Amino acid sequence: MSHDLSTRASDARELMDDPGADVAMLERTYERFRLVNALVSRPGQFYRNDIRPRARRGRVRVLDVGAGGADVCRMIAARLRRDGLEGEVTALDADERAVRWAAAHDDGAGVRYRCALAEDLVAEGDQYDVVFSNHVLHHLSAPELQGVLRDTDRLAGAGGVVVHRDIARSKAAYALFAAATLPFAGTLLRGSFIRVDGLISIRRSYTPAELAAVAPEGWTVRAGLPARLELRRKKSDARP
Ligand SMILES: C[S@@+](CC[C@H](N)C(=O)[O-])C[C@H]1O[C@@H](n2cnc3c(N)ncnc32)[C@H](O)[C@@H]1O
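It should be emphasised that the depicted structure is a prediction, and the values quoted were computed from it without experimental measurement.

Please clarify how the site of the ligand should be interpreted in this entry.
Around the ligand, 15 residues are found, and the nearest of them are Asn37, Gly66, Asp93, Asn134 and His139. In the environment of the ligand, a nitrogen atom lies 2.7 Å from a nitrogen or oxygen atom belonging to the backbone of Gly66. Taking Asn134, its main chain carries an N or O atom lying 2.8 Å from a nitrogen atom of the ligand. Compared with its free state, where it exposes 600 Å², the ligand has 91% of that area covered by protein.

Looking at this structure, how should I read the packing of helix α7 (residues 171–181) against helix α8 (residues 194–204)?
Running from amino to carboxyl end, α7 crosses α8 at an angle of 175°, the nearest separation of the two axes being 10 Å. One finds that α7 runs roughly antiparallel with respect to α8. The segment α7 lies against α8, with Ala173, Tyr174, Phe177, Ala178 and Thr181 engaging Ile194, Arg195, Gly198, Leu199, Ile202 and Arg203. Counted by class, the contact of α7 with α8 contains seven nonpolar, two polar and two charged residues.

Is there a simple way to think about a nonpolar patch on the surface in this case?
The grouping of Leu35, Leu39, Phe184 and Leu188 at the surface amounts to a nonpolar patch, some 350 Å² of accessible area in total. With respect to the helices and strands, Leu188 occurs in the loop between α7 and α8. With a relative accessible area of 34%, Leu188 lands in the partly exposed category.

Help me understand the nonpolar core in this model?
Note that soluble globular proteins tend to have their nonpolar side chains buried in a common cluster. Judged by nonpolar contacts, the single largest core of 33 residues is most densely connected at Ile51, Val62, Ile76, Leu80, Val89 and Val111. Elements supplying a minimum of two residues to this core: α1 (23–40), α2 (43–55), β1 (60–65), α3 (71–82), β2 (87–93), α4 (96–104), β4 (130–134) and β5 (161–167). A total of six residues in this core trace back to one element, the largest contributor, which is α3. Those residues in contact with Val89 that lie beyond four places of it in its chain are Val62, Cys73, Ile76, Ala77, Leu80, Val111 and Arg112. Judged by nonpolar contacts, the second largest core, of 24 residues, contains Ala118, Leu137, Leu155 and Val162.

When you look at the pairing of β1 in this model, what are you seeing that I'm missing?
Moving residue by residue along a regular strand, the side chains alternate between the two faces of the sheet. For β1, the buried fraction is high: five of the six residues fall into the buried class. The pairing of β1 with β2 spans six bridges and is classified as parallel. Bridging from a neighbouring strand, Val60 pairs with Gly87 of β2. Considered for its hand, the β-α-β crossover made up of β1, α3 and β2 is right-handed.

Before we go on, may I ask you to explain the packing of aromatic side chains in this structure?
The geometry of an aromatic ring pair is captured by two quantities: the separation of the ring centres and the angle between the planes. Taken as a whole and assessed by the stated rule, the structure comprises three aromatic pairs. Ring centres 6.3 Å apart and planes at 55° place the aromatic pair Tyr30 and Phe33 in the tilted group. With a gap of three residues between them, Tyr30 and Phe33 both fall in helix α1, about one helical turn apart. For Tyr30, a relative accessible area of 2% corresponds to the buried category. Linked through ring pairs, Tyr30, Phe33 and Trp101 together constitute an aromatic cluster.

What is the right way to read the sheet that holds β1 from this model?
Sheets are built from strands that pair by backbone hydrogen bonding, the pairs being arranged parallel or antiparallel. Pairing within the open sheet is mixed, and its seven strands lie in the order β3-β2-β1-β4-β5-β7-β6. Each edge of the sheet is formed by a strand with only one pairing partner; in this case those strands are β3 (112–115) and β6 (219–224). The average angle at which neighbouring strand axes cross in this sheet is 20°, direction not considered. The sheet contact formed by β2 and β3 spans four bridges and is parallel. Across the sheet, Leu92 pairs through a bridge with Arg114, a residue of β3. Relative to the sheet, α4 contacts β2 and β3, its axis offset from that of β3 by approximately 165°.

About the thresholds
- Residues numbered from 1 in each chain as written.
- Predicted model: local features only at pLDDT ≥ 70, side-chain atom pairs only at ≥ 80, totals over all residues.
- Heavy atoms only, no water.
- Near = heavy atom within 4 Å.
- Polar contact = N/O pair within 3.5 Å; in protein donor to acceptor, adjacent residues only side chain to side chain.
- Areas by Shrake-Rupley, 256 points an atom, 1.4 Å probe, with all protein chains shown as cover.
- Axes fitted to C-alpha atoms, helices over the stretch in contact; angles between N-to-C directions.
- Helix = DSSP H or I, 4+ residues; strand = E, 2+ residues; numbered from the N terminus.
- Parallel < 35°, antiparallel > 145°, perpendicular 65-115°, else oblique.
- Contact = heavy atoms within 4.5 Å.
- Nonpolar A, V, L, I, M, F, W, Y, C, P; charged D, E, K, R; others polar.
- Patch = residues over 30% accessible without salt bridge, like charges linked within 9 Å, V, L, I, M, F, W, Y side chains within 5 Å.
- Salt bridge = Lys/Arg side-chain N within 4 Å of Asp/Glu carboxyl O.
- Buried < 20%, exposed > 50% of the residue type's maximum accessible area, 1.4 Å probe, protein only.
- Core = buried A, V, L, I, M, F, W, Y, C linked by side-chain atoms within 4.5 Å.
- Pairing = 2+ DSSP bridges.
- Right-handed = clockwise from strand over helix to strand, strands pointing away.
- Phe/Tyr/Trp six-rings, centres within 6.5 Å; stacked < 30°, edge-to-face > 60°.

Dropping the structure here:
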């Protein structure tokens, strides 16, 4: 089936967001996020550029909003430990199925798991040095997006960094993901929602220009590869 990628498919729904989704498929999806993120999300680069420099100045508090299977959190916790740096990494997700799975697969990483919304942490007066999300923005409705940006801004206080990382929608991204995942549909990705939800996610994602148009004042959008975008809070007093 061919899809029109010229506009956001904001009404499309990922199968993993269905409360009645098959649990085995969902858990396999959380497990496979690690592979997807290793291939497209560049978590190591994010750690080196945004987390390690802050951790070198002292104990760092990191929050992942919509952590899913929390593989990125476990990787960050492991890198901090490897680098002899102190930190606390919190994996936040609104879906208790994700939090349950991620907590059961911590494997000694020492990540904190919370089933809550960012606004709940704001209400508790929490503060973090680094607040980020990965592959979450496209899941959100327009009011939810504004709420997450407002709440993550507050959670990072004046000096923290806030960066939301996601897919950038394009025909090429859709065609590439479709072609690259097809040979693995019956093997590596079998029994998961990765392929079908990945394609829906690309259709739901923003282009950099669309995201810049809906982002409030004080945020900046940067395009990256492969088919990536980054929405980052501008802060004159946030040091690199
Ligand atoms: C596609 S998954 C991405 C998971 C993970 N960040 C990754 O990159 O693999 C999106 C996750 O965001 C979560 N989510 C969606 N809206 C959320 C919100 N408003 N607050 C917290 N989590 C949210 C979903 O439950 C889901 O686990």
